[in-house]
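Here is how the chains run, residue by residue.
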Amino acid sequence: MVEIEFFRGVNGLCGFEAKGHAFGGDAGSNVICAFVSSACLMAANTVTEIIGLDADAQSDDGYLKLMILEDSSPAQDILNGLKLHLSELEKDYPENIKVIYRRCNNA
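Thresholds, definitions, all that
Residues numbered from 1 in each chain as written. Predicted model: local features only at pLDDT ≥ 70, side-chain atom pairs only at ≥ 80, totals over all residues. Heavy atoms only, no water. Helix = DSSP H or I, 4+ residues; strand = E, 2+ residues; numbered from the N terminus. Polar contact = N/O pair within 3.5 Å; in protein donor to acceptor, adjacent residues only side chain to side chain. Contact = heavy atoms within 4.5 Å. pLDDT = per-residue confidence, 0-100. Buried < 20%, exposed > 50% of the residue type's maximum accessible area, 1.4 Å probe, protein only. Lys, Arg positive; Asp, Glu negative; His and termini not counted. Salt bridge = Lys/Arg side-chain N within 4 Å of Asp/Glu carboxyl O. Pairing = 2+ DSSP bridges.

By the element assignment, Thr48 lies in helix α1 (residues 31-50). Separated by 2.9 Å, the side chain of Thr48 and the backbone oxygen of Ala44 make a polar contact. In this view, Thr48 contacts Leu53, Ala55 and Leu66; residues no more than four positions away in its chain are not counted.

In structure tokens:
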């Protein structure tokens, strides 16, 4: 199962962590993992490369984490869009995707 944990701080969402595998097909052809990976990578790249926010970003096989290290206000539309997108996918694939919400340390 892919778990995506969203972190909320005083200025709204401040990051996310996605980990695991959806096991919805063979390696390289698993569309559920591809849905999640693509959406998370686009959000992380938009926050760091397009908006230009300072963030801690880490990735590995089956793992992606983005924590914004400054005021996350400029990234709210991106992060809330990702949260909505993944929450809708969770409704369609409840055995494969789980969305979780937590507070940041600064909340």
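Now for the confidence of the model for the protein chain. Per-chain confidence: the protein chain averages 90 in pLDDT, with 90% of residues scoring 70 or above. Within the protein chain, helix α2 (residues 76-92) carries the highest mean pLDDT (97), whereas strand β5 (residues 97-103) carries the lowest (92).

With respect to the secondary-structure elements, Glu17 resides in strand β2 (residues 12-20). The side chain of Glu17 sits in the buried core without any salt bridge; Lys19 is the nearest counter-charge, 4.0 Å away. Polar side-chain contacts of Glu17 include one of 2.6 Å to the side chain of Tyr63. In this structure Glu17 touches Glu3, Ile4, Glu5, Phe7, Tyr63, Leu64 and Lys65, once residues within four positions along its chain are discounted.

Turning our attention to the pairing of strand β3 (residues 55-60). As defined by bridge partners, β3 adjoins strand β4 (residues 63-68) across six bridges and the pair is classed as antiparallel. Bridging from a neighbouring strand, Ala55 pairs with Ile68 of β4. Counted between consecutive antiparallel strands, the loop separating β3 from β4 contains two residues, among which Gly62 sits at a positive phi close to 75°.

What follows concerns the pattern of salt bridges. Taken as a whole, this structure holds two salt bridges when the rule is applied. The salt bridge involving Glu5 is made with Arg102; its shortest N-O contact spans 2.7 Å. Of this pair, Glu5 sits in strand β1 (residues 2-9) while Arg102 is found in strand β5, placing the two residues 97 residues apart along the sequence. The class of Arg102 is partly exposed, set by a relative accessible area of 45%.

Tracing the backbone shows Val47 in helix α1. A C-alpha to C-alpha distance of 6.1 Å links Val47 and Ala75, two positions 28 residues apart in sequence. Residues in contact with Val47, not counting those within four places in the same chain, are Gly52, Leu53, Leu66, Ile68, Ala75 and Ile78.

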